[in-house]
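Listed below, chain by chain, are the residues.
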Amino acid sequence: MYIETVPNRDSPPAILLREGWREGKKTRKRTLANLSGWPTQKIETLRRLLRDEPLVSPHDLFETDETLPHGHVEVILGTIRKLGLDSVIAAKHCRERDLVLAMVAERLIHPCSKLATTRHWHTTTLAEELSVGDADEDDLYAAMDWLLERKGRIEKKLAERHLSDGATVLYDVTSSYYEGRKCPWARFGYNRDGQKGLPIIVYGVMTDAGGCPVSVEVYAGNTGDPTTVADQVEKLREEFGLTRVVLVGDRGMLTQTQIKNLKKYPGLGWITALRSPAIRKLVDHGALQLSLFDEKNLAEITSPDYPGERLMVCHNPVLAEERRRKRLQLVEATEEGLAKLGKEVVRRTKTPMKQSDIGVKAGKILGRHKVAKHFILKIRDGSFEWTRREDAIKKEAELDGIYVIRTSEPRERLSAEDTVRKYKSLSDVERAFRCLKSLDLLVRPIRHRSEDRVPAHIFLCLLAYYVEWHMRKALAPILFEDEEREEERKRRDPILPAKPSESAKMKKWTHTTPDGLPVHDFATLMAELATRGRVTYKLKSKEIDLTYTQAPELTPVQKRATELLGLLPVSGK
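Everything numeric here is computed off the predicted structure, so don't read it as measured data. (Residues numbered from 1 in each chain as written. Predicted model: local features only at pLDDT ≥ 70, side-chain atom pairs only at ≥ 80, totals over all residues. Heavy atoms only, no water.)

### What about the pattern of salt bridges?
Thinking step 1. Inspection of every chain in the model, using the stated rule, returns 43 salt bridges.
Thinking step 2. Here Arg-453 and Asp-145 are joined by a salt bridge, their closest N and O atoms 2.9 Å apart. Taken together, the residues span a long stretch of sequence, with Arg-453 in helix H18 (residues 453-475) and Asp-145 in helix H8 (residues 137-149) at a distance of 308 residues.
Thinking step 3. Between Glu-321 and Arg-324 there is a salt bridge, and its shortest N-O distance comes to 2.8 Å. Here Glu-321 pairs with Arg-324, and both are found in helix H13 (residues 317-347), just three residues apart, close to one helical turn.
Thinking step 4. What makes Arg-324 partly exposed here is its relative accessible area of 38%.
Thinking step 5. One network of salt bridges, in which partners are shared, links Lys-151, Glu-155, Glu-217 and Lys-235. (Salt bridge = Lys/Arg side-chain N within 4 Å of Asp/Glu carboxyl O. Helix = DSSP H or I, 4+ residues; strand = E, 2+ residues; numbered from the N terminus. Buried < 20%, exposed > 50% of the residue type's maximum accessible area, 1.4 Å probe, protein only.)

### Observations concerning the sheet that holds strand E16 (residues 547-550)
Thinking step 1. In spatial order, the strands read E4-E15-E16; together these three strands make up an open sheet with antiparallel pairing. Edge positions in the open sheet fall to strand E4 (62-69) and E16, since each of these has one partner strand only. Direction aside, the axes of adjacent strands within the sheet are offset by 25° on average.
Thinking step 2. Sheet topology note: the strand E15 (residues 533-539)/E16 ladder contains four bridges and is antiparallel. Within E16, the residue paired with Lys-538 across the bridge is Thr-547. (Pairing = 2+ DSSP bridges. Axes fitted to C-alpha atoms, helices over the stretch in contact; angles between N-to-C directions.)

### Side note on the environment of Ala-476
Thinking step 1. Mapped onto the elements, Ala-476 comes out in the loop between H18 and helix H19 (485-491).
Thinking step 2. Its relative accessible area of 6% is what places Ala-476 among the buried residues.
Thinking step 3. Residues Ala-476 and Lys-505, 29 residues apart in the sequence, show an inter-C-alpha distance of 13 Å.
Thinking step 4. In this view, Ala-476 contacts Glu-481, Glu-483 and Lys-507; residues no more than four positions away in its chain are not counted. (Contact = heavy atoms within 4.5 Å.)

### Looking at the environment of Thr-387
Thinking step 1. Of note, Thr-387 is situated in strand E13 (residues 383-388).
Thinking step 2. In this structure the C-alpha to C-alpha distance between Thr-387 and Ser-176, which are 211 residues apart in sequence, comes to 40 Å.
Thinking step 3. Those residues in contact with Thr-387, other than ones at most four positions away along the chain, are His-374, Phe-375 and Ile-376.

### As for the packing of H8 against H18
Thinking step 1. Where H8 meets H18, the closest approach of the two axes is 9 Å, and the angle between their N-to-C directions is 80°. Classified by the angle between their axes, H8 and H18 sit roughly perpendicular to one another. Residue-level inspection shows Tyr-141, Met-144, Asp-145, Leu-147 and Leu-148 of H8 in contact with H18, the latter providing Arg-453, Pro-455, Ala-456, His-457, Phe-459, Leu-460 and Leu-463. (Parallel < 35°, antiparallel > 145°, perpendicular 65-115°, else oblique.)

### A few points about unusual backbone geometry
Thinking step 1. A cis amide bond links Arg-444 with the next residue in sequence, Pro-445, at an omega value of 0°.
Thinking step 2. Assignment of secondary structure puts Pro-445 in the loop between helix H17 (427-439) and H18.
Thinking step 3. You will see that Ser-131, though not glycine, has its phi angle at about 55°, which is positive.
Thinking step 4. In this fold, Ser-131 is placed in the loop between helix H7 (126-129) and H8.
Thinking step 5. Phi angles above zero are rare outside glycine, and Lys-370 is one such case at about 55°.
Thinking step 6. Among the secondary structure elements, Lys-370 is positioned in the loop between helix H14 (355-369) and strand E12 (375-380).

### What about the layout of surface pockets?
Thinking step 1. Of the volumes computed, that of the largest pocket is approximately 910 Å³.
Thinking step 2. Lining the largest pocket are 35 residues, with Ser-427, Arg-485, Arg-489, Arg-492 and Ala-498 sitting closest to its centre.
Thinking step 3. Listed by contribution, the elements that provide at least two residues to the lining of the largest pocket are H13, helix H16 (416-424), H17, H19 and helix H20 (502-510).
Thinking step 4. Top element by residues in the lining of the largest pocket is H17. It accounts for six residues.
Thinking step 5. Taken together, the residues of the lining of the largest pocket sort by class into 14 nonpolar, three polar and 18 charged.
Thinking step 6. Empty space within the second largest pocket amounts to approximately 640 Å³.
Thinking step 7. In this structure, the second largest pocket is lined by 20 residues; those nearest its centre are Ser-276, Arg-327, Lys-373, Glu-396 and Asp-400. (1 Å grid on protein atoms, 1.4 Å probe; cavity = no way out; pocket = protein on both sides within 12 Å on 5 of 7 lines; lining within 4 Å. Points joined across faces, edges and corners; volume = space filled by probe spheres on them. Nonpolar A, V, L, I, M, F, W, Y, C, P; charged D, E, K, R; others polar.)

Written as structure tokens, this is what we have:
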């Protein structure tokens, strides 16, 4: 028997299984089967079998040499290349760029020290993908120094992508505690992490209106937030070449002193908020009438104290109720402590407590919840009395739920509602801080101490967040994210608390997407992608050194994630 290919004039050739024999001097043959519908591989296998050739399974020829998690590496590096971040860091391929990209990817995969990075990336395909398997921690330190030299150029390229004249820029400052004594940036200051007795390092992040990070600047831990604003203005004007920008900062950042400095630049606008004493002053002077909120929750006013500015007065009833409830709880908790102190003073009859001792203990109780302004104390030797300042509590309650947004932007450029929305978008910068400090990228612990390495480390984390920000935005349909958040923000009342969209509610209730896939957070999705490994097979031969790699087909979740990121799946290599 044999297989014969018979050509046809008007159709593909026929593949026939035939049998041949001889009758005297003549050769006879007959067709046993038509194999034209068979797969090519199956036909070739039968052809080899009829020729009596040996057939060997690949499992008999090859053995598994190595299996490494690959899926998360593939999508992270694919996103980096799709964003063009590699060319932003350096236009030409070089060893330092590969090391920087590997460190950026590793922050998203498993944030750790630089020494641990050189160990951990061998447990995935990251080291092989970027050909950095031979790098040690000294190579990474040198790459960080190389990156810091290019920081200004990289930030300028990011600004060219995401900022333009007339753009809104969000800016905020945070800090991270430092465990060590020899870092020149580490100083004692306002510790936002709540770690007492540790110095901190301050850094400010600048983003576009949507929260996409553009730049970061590091400051000594004893630097006040407002003093960092001048550097950002210079960066926007001198380094980024922007002449018309609206800077958004919180009330502790853009103080009256900083705003006076901003007024020196005609093209520079601002949006910020007033502190409580300034709001009280508006009420006392009659510029702000509380009756404005009888029928509406947003009103625009002007005041001679703020010439050339617009003031958007907002009243949030939900916030008002929350502040009232919290104040009451703090006052009651403080009264509890004061009552215990009063009983202790009464018990001390043989050796009455001194006035100074009572004052020290009362001060600690009042300072615990920071409501001393709501109490009147009468302290004498062996005597302690206290009462609430009901008039002060009532006066403070009048402003519950009221806040005032101030801006230099005219009404034709920015409506009152949009001004409030832009100020509230500072929450996007706070979200960046959460990702940087606690959720995914883990800026701390800061394991560097030199003047250059600390800023380089924080800049690396910012680049990693730049990648994560774009990935989160693309993957929102399968994450516990509200993919309609931006549209909802434009439609909803800017004063009332934000509410999730219907699609976000459904994801939260059912934990599945509309097409039946499980919903993830960013970390668990990366873990799901990591389950797609890449297997290296090695030929079972001492004479021939032959290997090949193969990755399995994508699962439905992995396929959907790859589609959302706009990446083409790669099944083998």
